[in-house]
Amino acid sequence: RWLPVLRRRCGMVGKRLSGRGLAAEGRVLRAVLYVYHSRLLRHRPYLALQQVEQCLKRLWKMNLVGCIETLAGLIPKKNTPQAHAECLVPSQPMLETVALKVLGGCKLILRLLDCCCKAFLLSVQHLCSEEFILLNTVASGLLSRLWFVIQHRCVLQSLISLYGVLSTSLHLVSETQQMPYIKGFTFPSDISNFLGVNVSSEVKKQKARMLTTKKPTSWLKKLFPTMPEAVSEVGKKRRFATCTSALKNRSIPCPVDIGEPVL
């Protein structure tokens, strides 16, 4: 009964971890760090961005998706209807390896969410101080997207549900045939005790901190002044006609080769 459930959970986690959104945000983050590497080595939001990038790099290097896909490939797709029929199941070493990687992946994603939240708050804080406006604007948007991509795709929640099925499977397989592979470590029956925090309450707390933070609107209004609502249509047409005539009467030196650099 638990084999089809385990296969479905493996497929779900594989799709959510290998989605385009998470990979795209990781590529943008690496590009931003590369561009600003020589300029902002001591800048606090830049150092916080490096911590986020380290968490993402460790998550990809542990090859969690490949390990889960290998486990799903070992599960037979057709189940025999007989009650006492023999069936091939994944071995205890394979289940222990995947369960250990899932535990590590949950820890890493929880750390990644925390680093995203802290780096976002730092970026907004320096943005309010009008420091490195371009970098902090890009960083705050990137971090908020990365945080919400992980939450919207329910990556952490799907890993936790996968571990529940893996724990049950590991218990049943170890009762059938004892072949312990990872020694000196007891797999927790409840993953919340292993993570040390309540995942739902921690995520709600981070979301509240990110949404209620101070927004840097004062200098944005200075850079992009809004047009008053009482401006008449006649005034808009008059300004448009003036700008058009100014552009027509403007003398442009000819010939101009835009392919050559201007010294």
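- The name given to the protein chain in an unreviewed UniProt entry is NEPRO protein, and the organism recorded there is Rissa tridactyla.

**A closer look at the packing of aromatic side chains**
- A complete count under the given rule lists 1 aromatic pair for this structure.
- A centroid spacing of 4.9 Å and a plane angle of 80° characterise the contact between tryptophan 147 and phenylalanine 148, whose relative ring orientation is edge-to-face.
- On the accessibility criterion, phenylalanine 148 (33% relative accessible area) is partly exposed.
- Taking the ring centre of phenylalanine 194 as reference, the NZ or CZ of lysine 107 above it sits at 5.4 Å.

**Brief notes about the environment of serine 167**
- By the secondary structure assignment, serine 167 is in helix H7 (residues 155-176).
- With 71 residues separating them along the chain, serine 167 and glutamate 96 place their C-alpha atoms 8.9 Å apart.
- Beyond its immediate stretch of four places on either side in the chain, serine 167 contacts Pro188 and Ser189.

**Focus on the pattern of salt bridges**
- Tallied over the full model, the rule gives 4 salt bridges.
- Among the salt bridges present, the one from arginine 145 reaches glutamate 25, with a minimum N-O distance of 3.1 Å. Note that arginine 145 is positioned in helix H6 (residues 133-152) and glutamate 25 in helix H2 (residues 20-35), a separation of 120 residues in sequence.
- With relative accessibility at 42%, the residue arginine 145 sits in the partly exposed group.
- A single salt-bridge network, built from bridges that share partners, covers Arg111, Asp114 and Lys118.

**What to know about helix H5 (residues 92-128)**
- Compared with an ideal rise of 1.5 Å per residue, which puts 37 residues at 54 Å, H5 spans 54 Å between its outermost C-alpha atoms and is within 8% of the ideal.
- Along H5, 27 of the 37 residues are buried, which leaves the element largely enclosed by surrounding structure.
- Remark: glutamate 130 follows H5 within two positions and exhibits a positive phi of approximately 60°.

**Here's the deal with the packing of H2 against H6**
- In contact at an axis separation of 10 Å, H2 and H6 are set at 155° when each is read in the N-to-C sense. Overall, the two elements H2 and H6 adopt an arrangement that is roughly antiparallel. Where H2 crosses over H6, the two elements pack in a sense that is left-handed. Facing Gly21, Leu22, Glu25, Val28, Leu29 and Val32 of H2, the residues of H6 in contact are Leu135, Val138, Leu142, Arg145, Leu146, Val149 and Ile150.
- A per-class count over the contact of H2 with H6 returns 10 nonpolar, 1 polar and 2 charged.

**Regarding the environment of threonine 70**
- Looking at the element boundaries, threonine 70 is found in helix H4 (residues 64-74).
- Remark: the alpha-carbon pair of threonine 70 and methionine 94, spanning 24 residues in sequence, is separated by 9.3 Å.

**A word on unusual backbone geometry**
- The phi dihedral of asparagine 63 falls on the positive side, at around 55°, and the residue is not glycine.
- A relative accessible area of 44% places asparagine 63 in the partly exposed class.

**Here's the deal with the packing of H4 against H5**
- The geometry of H4 relative to H5 is characterised by a closest axis approach of 10 Å and an angle of 145° between their N-to-C directions. The hand of the H4/H5 crossing is left-handed. Contacts between H4 and H5 involve Leu64, Cys67, Ile68, Thr70, Leu71 and Leu74 from the first element and Met94, Leu95, Thr97, Val98, Lys101, Val102 and Gly105 from the second.
- Considered class by class, the residues forming the contact of H4 with H5 number 9 nonpolar, 3 polar and 1 charged.

**As for H6**
- End to end, H6 covers 28 Å across 20 residues, agreeing with the expected 28 Å (1.5 Å per residue, within 8%).
- Every buried residue of H6 is accounted for by Leu135, Asn136, Ala139, Ser140, Leu142, Leu143, Ser144, Leu146, Trp147, Val149, Ile150 and Gln151.
- Buried residues in H6 make contact with H2, helix H3 (44-61), H5, H7 and helix H9 (199-211).
- Just beyond H6, the residue with positive phi is cysteine 154, at close to 55°.

About the criteria used
- Residues numbered from 1 in each chain as written.
- Predicted model: local features only at pLDDT ≥ 70, side-chain atom pairs only at ≥ 80, totals over all residues.
- Heavy atoms only, no water.
- Phe/Tyr/Trp six-rings, centres within 6.5 Å; stacked < 30°, edge-to-face > 60°.
- Buried < 20%, exposed > 50% of the residue type's maximum accessible area, 1.4 Å probe, protein only.
- Lys NZ or Arg CZ within 6 Å of the ring centre and 35° of its normal.
- Helix = DSSP H or I, 4+ residues; strand = E, 2+ residues; numbered from the N terminus.
- Contact = heavy atoms within 4.5 Å.
- Salt bridge = Lys/Arg side-chain N within 4 Å of Asp/Glu carboxyl O.
- Expected span 1.5 Å × (residues − 1).
- Axes fitted to C-alpha atoms, helices over the stretch in contact; angles between N-to-C directions.
- Parallel < 35°, antiparallel > 145°, perpendicular 65-115°, else oblique.
- Left-handed = near helix turned anticlockwise from the far one by under 90°.
- Nonpolar A, V, L, I, M, F, W, Y, C, P; charged D, E, K, R; others polar.

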